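The primary structure of each chain is shown beneath.
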Amino acid sequence: MSSDFSLFSLFTAGLACLLPVANAYTQPVGDAPSGNPISEPGLSSIVPAGQNYTITWQPTTDGTVTLVLLKGPASNAIPQYAIVENIPNSGSYVWFPSTDLAPTADATGYGIELICDSNGQYQYTTQFGISNPSYQAAAAASSSSASSSSASPTIPS
Ligand SMILES: *[C@@H]1O[C@H](CO)[C@@H](O)[C@H](O)[C@H]1NC(C)=O
């Protein structure tokens, strides 16, 4: 009898995994950022793509955190994808920014959101830029258009 129940549980768990989830990572909760102030990247930072960069913050909450890359102006920063999920809130993470990231003309255009996995409390970096001398817009667009169109993020309302 118990083995039947286990099989049923596995089956339903499998179905749940097949349901589409727009953003599988922890979602921010609340209407204002708080805690975990982020110092790097900071104001006027330009992060080089294709090499390790240490994201640095002051941990103020227990449990794990998720880091999400944002793109766009501060008034309309669009979540791109989770850089990393469910890491200990240690105050730093070594990020390897993809060479697929479009470079910015100045130290704005990107951001990072840090989200507490336990309750959705969140914090933002300031705007920062990406440098990427090897970026080729045409090549990147043609090689990634098929996958990027299906993986485009849902814009939160
Ligand atoms: C970046 O850091 C990771 C983890 O610390 C390491 O495994 C990797 O070799 C580093 N990559 C480069 C290009 O330095």
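Reading guide: rules and limits
- Residues numbered from 1 in each chain as written.
- Predicted model: local features only at pLDDT ≥ 70, side-chain atom pairs only at ≥ 80, totals over all residues.
- Heavy atoms only, no water.
- Pairing = 2+ DSSP bridges.
- Helix = DSSP H or I, 4+ residues; strand = E, 2+ residues; numbered from the N terminus.
- Axes fitted to C-alpha atoms, helices over the stretch in contact; angles between N-to-C directions.
- Near = heavy atom within 4 Å.
- Polar contact = N/O pair within 3.5 Å; in protein donor to acceptor, adjacent residues only side chain to side chain.
- Areas by Shrake-Rupley, 256 points an atom, 1.4 Å probe, with all protein chains shown as cover.
- Core = buried A, V, L, I, M, F, W, Y, C linked by side-chain atoms within 4.5 Å.
- Buried < 20%, exposed > 50% of the residue type's maximum accessible area, 1.4 Å probe, protein only.
- Contact = heavy atoms within 4.5 Å.
- Phe/Tyr/Trp six-rings, centres within 6.5 Å; stacked < 30°, edge-to-face > 60°.

Draft legend 1. Geometry of the sheet that holds strand E6 (residues 92-95). In spatial order, the strands read E1-E3-E6; together these 3 strands make up an open sheet with antiparallel pairing. In the strand order of this sheet, the two ends are held by strand E1 (38-40) and E6, each with one partner. Pairs of neighbouring strands in the sheet enclose a mean axial angle of 25°, with direction left out of account. Pairing of strand E3 (residues 53-57) with E6 involves 4 bridges; the strand directions are antiparallel. Residue pairing for E6: Thr-56 is matched across the bridge by Ser-92.

Draft legend 2. Quick peek at the site of the ligand. Neighbouring the ligand are Asn-52, Val-94 and Phe-96. Take Asn-52: an N or O atom from its side chain is 2.3 Å from an oxygen atom of the ligand. The fraction of the free accessible surface of the ligand (370 Å²) that becomes covered by protein chains is 27%.

Draft legend 3. Structural context of the nonpolar core. Among the nonpolar cores identified, the biggest contains 20 residues, and Ile-55, Leu-67 and Trp-95 are the most heavily contacted of them. Every element with two or more residues in this core is listed here: E3, strand E4 (64-71), strand E5 (78-88) and strand E7 (110-116). If we skip the residues at most four places from it in the chain, Ile-55 touches Ile-38, Glu-40, Pro-41, Leu-67, Ile-83, Gly-91, Ser-92, Tyr-93, Trp-95 and Ile-112. By size, the runner-up hydrophobic cluster in this structure holds 5 residues, among which are Val-68, Leu-70, Ile-115 and Tyr-122.

Draft legend 4. Just the packing of aromatic side chains, in detail. Under the counting rule described, the total for this entry stands at 3 aromatic pairs. Taking 6.3 Å as the distance between ring centres and 80° as the angle between the ring planes, the aromatic pair formed by Trp-95 and Phe-128 counts as edge-to-face. Here Trp-95, found in strand E6, pairs with Phe-128, found in the loop between strand E8 (122-124) and strand E9 (129-131); they are 33 residues apart in sequence, far enough to count as distant. A single burial state applies to Trp-95 and to Phe-128, both of which are buried. Measuring from centroid to centroid gives 5.5 Å for Tyr-122 and Tyr-124, while their planes differ by 65°, and the two rings are edge-to-face. The buried category is assigned to Tyr-122, whose relative accessible area is 7%.

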